Amino acid sequence: KEKLRDDALLKKSFSLSKKNWDNEDFDWSARLRKSLKDVFKIEKLRELQLPTMNAIMSKEDVILIMPTGGGKSLCYQLPAVISKGITIVVSPLVSLMEDQLHGLHKLHVKTTMLCGKADKESVKMTMNALVDKNSDLKLIYVTPEYMAKSNRFMNKLQKAYELGRLERFAIDEVHCCSQWGHDFRPDYKFLGVLKSMFPGIPILGLTATAPAKIIVDVQKMLDISGCLVLRASFNRPNLYYEVRRKPADKETCLAMMENLLKNRFGGKSGIIYTTTIKDAEQLTTDLRDRGIKVGCYHAMLEAEYRSEVYSKWMSGKYQAVIATIAFGLGIDKPDVRFVIHHCVSKSMENFYQESGRAGRDGKKSVSIVLYRLADVFKLSTMVFQDKVGLQNLYKVLTYCLDQTSCRRSLIATHFEETWNASDCVEMCDHCRKPGVGKEIDVAQYCRQLYQIMTKAVQNETRLTALKLVDAWYSKGASSLRVSNVPVPRFARETAEAIIGHLLVNGYLQEDFHFSAYSTISYLKRGPKSGLALNNDHKILFNYELH
Ligand code: ADP
Ligand code: MG
Ligand code: ZN
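Model, not experiment: these values are computed from the prediction.

Caption draft 1: Broad picture of the layout of surface pockets. A volume near 990 Å³ is recorded for the second largest pocket. In this structure, the second largest pocket is lined by 37 residues; those nearest its centre are Arg245, Tyr371, Arg372, Leu373 and Glu496. Those elements giving two or more residues to the lining of the second largest pocket turn out to be β8 (239–245), α15 (373–383), α16 (389–401), α18 (429–432), α20 (465–472), α21 (492–504) and β16 (519–525). With five residues, the single largest contributor to the lining of the second largest pocket is α15. When the residues that make up the lining of the second largest pocket are grouped by side-chain class, the tally is 17 nonpolar, seven polar and 13 charged.

This is the structure:
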């Protein structure tokens, strides 16, 4: 029975996807074009905007997957403007809602928002508008928490529905519904009631998170399985992708940053991402000491100070902003020429979004990741409690460890797309200068590491990655060294890369312990250790040993 249902849903979704949603002969096509120009002052629609709007205006449920900055908001804002009733927009972040509200007010589109901090008067006005046939309110932005908690609002929505004033729901960041996402929010669960509570009212889910598993989960949760799924390409042809080893020595690393900012990116505008607030502040001071004009931006700064940093950067007084990921939402600077990750991102989704802030104007721009294994362990202690935190982080590690593949193809695979490496035209480090990595078998090294770990267990000590590498090179505490394990004849960096490779492939695993002040990541044998202990087992790694 279940299978029959799934087949039917698949068929439905397939036939929906075959419809020509790009037509311009719908009842609303002329109105849509006119408002696009008159209200939004936009001449040309971008990829998938028209199909999405046509489908949602046809009362189909739609999930739109489009990279950040692609223009998802217009897909519900424009339909809202040309519809008589009200469009409800569910959005997780009040700051995002405020930005949009501000933008829409400038275009003279009647919009309000409901959230914990909305004032009484405006709440009353919104509630009345829902059931007032003469109101010209077009959009109501609401947080999922508010919906889940406010019976009054749900009651008014029901009345609006009965009066035929409820046009559609747009659910922004819809991946927050799924536990598999990098951003699960329990309050999104409540949205599961919408379909049965308001039959016939179309739902538009919007996200930049693409994996099929997440999309299927979201569809189930919203009770819109088999709906039309529109997927825009994630390829950013004008972005050049590069990964560099981050020097372990701080001064060397700073010299490298200085060189990048003064020479390669001299006179150009960019963003430098760090993981922690402390790192952002320190790096700002260090680069200023070297005469580089940079501003610092993170969540702990006063809003006033932050907006000052932002405008100095927008106007070119600062060459770069050094920021934690708090900096991003709502950035609208077209000529960002470089994004440097001073520390790896915690997921490919984050990386894609952060690096994607470069080159919005379509001109050539650069994404550089400075990678070091130690940074991965710093992050892992921050993310391991999320259900898929480590899994997400290891995907980034895999991206960084790769020495031969086209970076675009790696990103494409992650977003379940296929791009040909020939699409890259030397727009990544590996396509410009093909890697010389060879397939090597690292199983022997894995077994050597296990020997060191066994000894540590006997000594009732735990090994951080740093201590493990030390012991391998016969350095550090002598009690941790194992005499019959040979000292590697390759560089420490290579040793770290091998450890990274064993980690992402399950031959090693992290083991987290809490100390009084922090969480520490130790390494132990992974779930695949049984395999590795077999002398015939090969663990292949495409890497240039040096
Ligand atoms: P997303 O939600 O997909 O990240 P937004 O909806 O915030 O993206 O849009 C990003 C920017 O693109 C906004 O400044 C928006 O005004 C602009 N935009 C959207 N569609 C178009 C278009 N067809 N032409 C020009 N600019 C557009
Ligand atoms: Mg958006
Ligand atoms: Zn490439």
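Caption draft 2: Summary view of the coordination of the zinc ion (ligand 3). Within the first shell, the zinc ion (ligand 3) binds the protein through Cys406 (SG), Cys424 (SG), Cys428 (SG) and Cys431 (SG), at distances of 2.3 to 2.4 Å. Spacing between the donor residues of the zinc ion (ligand 3) along their common chain follows C-x17-C-x3-C-x2-C. In this structure, cysteine 424 and cysteine 428 share a single accessibility class: buried.

Caption draft 3: A look at the pattern of salt bridges. Summed over all chains, the structure comprises 22 salt bridges. Measuring nitrogen to oxygen at the nearest pair gives 2.6 Å for the salt bridge that ties arginine 337 to aspartate 361. You can see arginine 337 sitting in strand β12 (residues 336–341) and its partner aspartate 361 sitting in the loop between α14 (348–355) and β13 (365–371), a full 24 residues away along the chain. With relative accessibility at 14%, the residue arginine 337 sits in the buried group. Aspartate 361 sits in the partly exposed class, given a relative accessible area of 31%.

Caption draft 4: Summary view of the confidence of the model for the protein chain. Summary statistics for the protein chain give a mean pLDDT of 93 and a share of 99% for residues scoring 70 or more. Interface confidence for the predicted complex, given as ipTM, is 0.98, next to a pTM of 0.80.

Thresholds applied
Residues numbered from 1 in each chain as written. Chains lettered and ligands numbered in written order. Predicted model: local features only at pLDDT ≥ 70, side-chain atom pairs only at ≥ 80, totals over all residues. Heavy atoms only, no water. 1 Å grid on protein atoms, 1.4 Å probe; cavity = no way out; pocket = protein on both sides within 12 Å on 5 of 7 lines; lining within 4 Å. Points joined across faces, edges and corners; volume = space filled by probe spheres on them. Helix = DSSP H or I, 4+ residues; strand = E, 2+ residues; numbered from the N terminus. Nonpolar A, V, L, I, M, F, W, Y, C, P; charged D, E, K, R; others polar. Donors = N, O, S within 2.8 Å, 3.2 Å for Na, K, Ca; no water. Buried < 20%, exposed > 50% of the residue type's maximum accessible area, 1.4 Å probe, protein only. Salt bridge = Lys/Arg side-chain N within 4 Å of Asp/Glu carboxyl O. pLDDT = per-residue confidence, 0-100.

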